[in-house]
Amino acid sequence: MGEAWIALALTLKVAGWATAINLVLGIGIGYAMAHWRFPGRDLLDAVLTLPMVMPPTVLGYYLLVVIGSQGPLGAWLLHHFGIRLIFTWHAAVIAATVVAFPLVFKAARAAFEVVEPQLEDAARTLGISEWAVFMRVSLPLAWRGILAGLLLSFARALGEFGATLMVAGSIVGKTQTLSIAVYEAVQAGQDDTANFLVAVTSIACIAVLLGAGRLLPGRVAARA
Amino acid sequence: MKSTLHRSIALILASTLGIAAHAADLTVSAAASLTNAFRDIAPLFEAENPGTKVQYNFGASGALLQQIAKGAPADVFASADQETMDQAQAQDLVKEAQRRNFVSNVLVVVVPSTSAVVPNALADLAQATYARIAIGLPASVPVGRYTKLVLESANLWSAIEPKMIGANTVRQALDYVARAEVDAAFVYATDAALMPGKVKVALTVPTPTPVLYPVAPLTAAPNGVLAQRFVDFLSTSKAQTVLARYGFGKP
């Protein structure tokens, strides 16, 4: 049963890191895609959305090929830094980040696109820098949409299984997330452990959703 | 517009009905290490039993047992160790009188073919040069159970367990070595023989109990008669020749 708490802590750590990385990447790339037109923008958008559509095992296989010790990125890391990503919690974070990225990116792009350009232009006429326009006008106006995307991204990273299993394996305390722990408990016929893990996961998910409900200001509540 | 939509829906529905139904479909749940050999045996069995189609379900023996225990409609169960079949028997999923051993196998240690370090003895694996060793999860994978038994009797389990990368099936352990993600793995000789270019056998590991594979028809098999025929077929010279070709030994 103690393993369940280890798995929960690890799952939260991996999902937390993945969401933090996606916060930066998703907002940055979402803002760029919303403001700049360039040839091939739609194609790039489709490619960036691909991880959401692809089966997690396919994604996991791609990641394994790229960051594995014989892959282009993996071999380079191994040769220059002695780093092996496979079977580490870093690989679990990479897998969770990739699968959850489109959720933040899409939400951020859509949120930035509905920010009225006149507001941003007005800020510019008042003489502040582009960075300040972004931080003080665009981002605050787009924040609610982005937050919704972040919540979905966290939830997705929490439940990631297929890609994680392929690149991170299942090492208790290092890479065995809750979803993998449940899978192995069922395979081994350890129903008691499986039931306990499922209960822990369900409670954690409900807690996340309730917490997010508090953070997201509700329109109904505001009107009441 | 509307009729095109209706036609498209009708087409999709019609295509799903186009799955051929056979006189009988035999479902065989078999240990992962039997994948290649059993795939070759299917057409031989189907030739002797016209109208039959053999459907395979390969996986770790423990995982397969869980599926069967929870009601999966399999006809035959072939596991890689006696213990899993004993568990099946204890749950009345198979009858003792109907089970029989049909092949044997050998446990080996493999390393990536590009690896410079090769262990000369089991104790070498305890050294720091072998940082990651792929071993099947003992709770559900027979090869992991054999490995744990061997290492425990050699007093090496406590030294090696921290380095263990758990594999869900023996083929996953093999894949880890083929990709050079681990420094060594415990697999069967028959699995190692499938990837001569990517893995090399470093050690042959004698096991306290011989690696004997049992097979049995399931008591709740939907096609009981056909299931028994398949089990009998595995002992014929045709099937045994195929198994021998892949490196399996006599039971």
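Each residue is numbered by its place in its chain's sequence as written, counting from 1. In the order they appear in the text, chains get letters beginning with A and ligands get numbers beginning with 1. Thresholds applied to this predicted model are a pLDDT of at least 70 for local features of residues and 80 or more for the giving and counting of side-chain atom pairs; totals over whole chains, interfaces and linings are not thresholded and use all residues.

Draft legend 1. Structural view of the interface of chain B and chain A. Placing C-beta atoms from the backbone, we regard two residues as in contact once those atoms come within 7 Å. At the junction of the two partners, chain B supplies 14 residues and chain A supplies 13 residues. Labels follow the DSSP assignment, with helices taken as runs of H or I lasting at least four residues and strands as runs of E lasting at least two, numbered in each case from the N terminus. Secondary-structure elements contributing two or more residues to the side of chain B that touches chain A are α3 (61-69) and β7 (164-167) of chain B. For the side of chain B that touches chain A, the element with the most residues is α3 of chain B, which contributes three residues. Residue composition of the side of chain B that touches chain A, grouped by class: six nonpolar, five polar and three charged. Classes in brief: Ala, Val, Leu, Ile, Met, Phe, Trp, Tyr, Cys and Pro nonpolar; Asp, Glu, Lys and Arg charged; the others, Gly included, polar.

Draft legend 2. Broad picture of the pairing of strand β5 (residues 107-112) of chain B. Residues and elements named next belong to chain B. Within β5, five of the six residues are buried, which leaves it mostly tucked inside the rest of the structure. A pair of strands is labelled paired if DSSP reports no fewer than 2 bridges between them. As judged from the four bridges shared by β5 and strand β8 (residues 184-188), these two strands associate in the antiparallel manner. Each residue of the ladder has a partner; that of L107, found in β8, is Y188. The sheet contact formed by β5 and strand β9 (residues 199-205) spans six bridges and is antiparallel. The residue bridging V109 from the neighbouring strand is L203, located in β9. Our exposure labels follow a C-beta count within 10 Å of each residue's own C-beta, placed from the backbone: buried means 20 or more other C-beta atoms, exposed means 12 or fewer, and partly exposed covers the counts in between.

Draft legend 3. Region of interest: the pairing of strand β1 (residues 24-31) of chain B. All names here are of chain B. The buried fraction of β1 amounts to six of the eight residues, a majority that puts the element mostly inside the structure. Here β1 pairs with strand β2 (residues 52-59) via eight bridges, running parallel. The residue bridging A30 from the neighbouring strand is F58, located in β2. Handedness of the β1-helix α2 (residues 35-48)-β2 crossover: right-handed. Think of it like this: strands point away, you trace from the first strand over the helix to the second, and a clockwise trace means the crossover is right-handed.

Draft legend 4. Up close: the sheet that holds strand β6 (residues 133-136) of chain B. Residues and elements named next belong to chain B. Here we have five strands laid out as an open sheet, ordered β7-β6-β8-β5-β9, and mixed in their pairing. Each of the sheet's edge strands pairs with one partner strand only, and the pair in question is β7 and β9. Across the sheet, the mean angle separating the axes of adjacent strands is 35° when strand polarity is ignored. Of the strand pairs in this sheet, β6 and β8 are connected by two bridges, and their pairing is parallel. Looking at the pairing, I133 lines up with A184 of β8. Along the sheet, helix α5 (residues 142-153) contacts β5, β6, β8 and β9; its crossing angle with β6, the most-contacted strand, is approximately 115°. Note on geometry: axes are C-alpha line fits, over the in-contact stretch for helices, and angles between N-to-C directions span 0 to 180 degrees. Taken strand by strand, helix α7 (residues 170-178) contacts β5, β6, β7, β8 and β9, and its axis lies near 140° from that of β8.

Draft legend 5. Geometry of unusual backbone geometry. Residues and elements named next belong to chain B. One non-glycine residue with positive phi stands out, namely N155, at about 60°. Inspection of the secondary structure puts N155 in the loop between α5 and α6 (157-160). Classification of N155 by C-beta neighbours within 10 Å gives exposed; the count is 10. Here A180, not a glycine, exhibits a phi torsion of approximately 60°, which is positive. Following the sequence through the fold, A180 ends up in the loop between α7 and β8.

Draft legend 6. The nonpolar core, seen in detail. To count as a nonpolar core, a set of buried Ala, Val, Leu, Ile, Met, Phe, Trp, Tyr and Cys residues must be joined through C-beta atoms within 7 Å. Core analysis: the largest hydrophobic core is formed by 127 residues, its most contacted members being A95 and V167 of chain A together with V110, A173, V177, A185 and V187 of chain B. A per-element tally of this core places helix α5 (residues 89-113) of chain A first, with 18 residues. Throughout the structure description, domain borders are defined by an automatic or database domain assignment. Both of domain 1 (20-104 + 212-245) and domain 2 (105-205) of chain B provide at least three residues apiece to this core. When near neighbours in sequence (up to four residues on either side) are disregarded, A185 of chain B contacts V110, I133, A134, A173, L174, Y176 and V177 of chain B.

Fair warning: the whole summary comes from geometry, so function is off the table for now.
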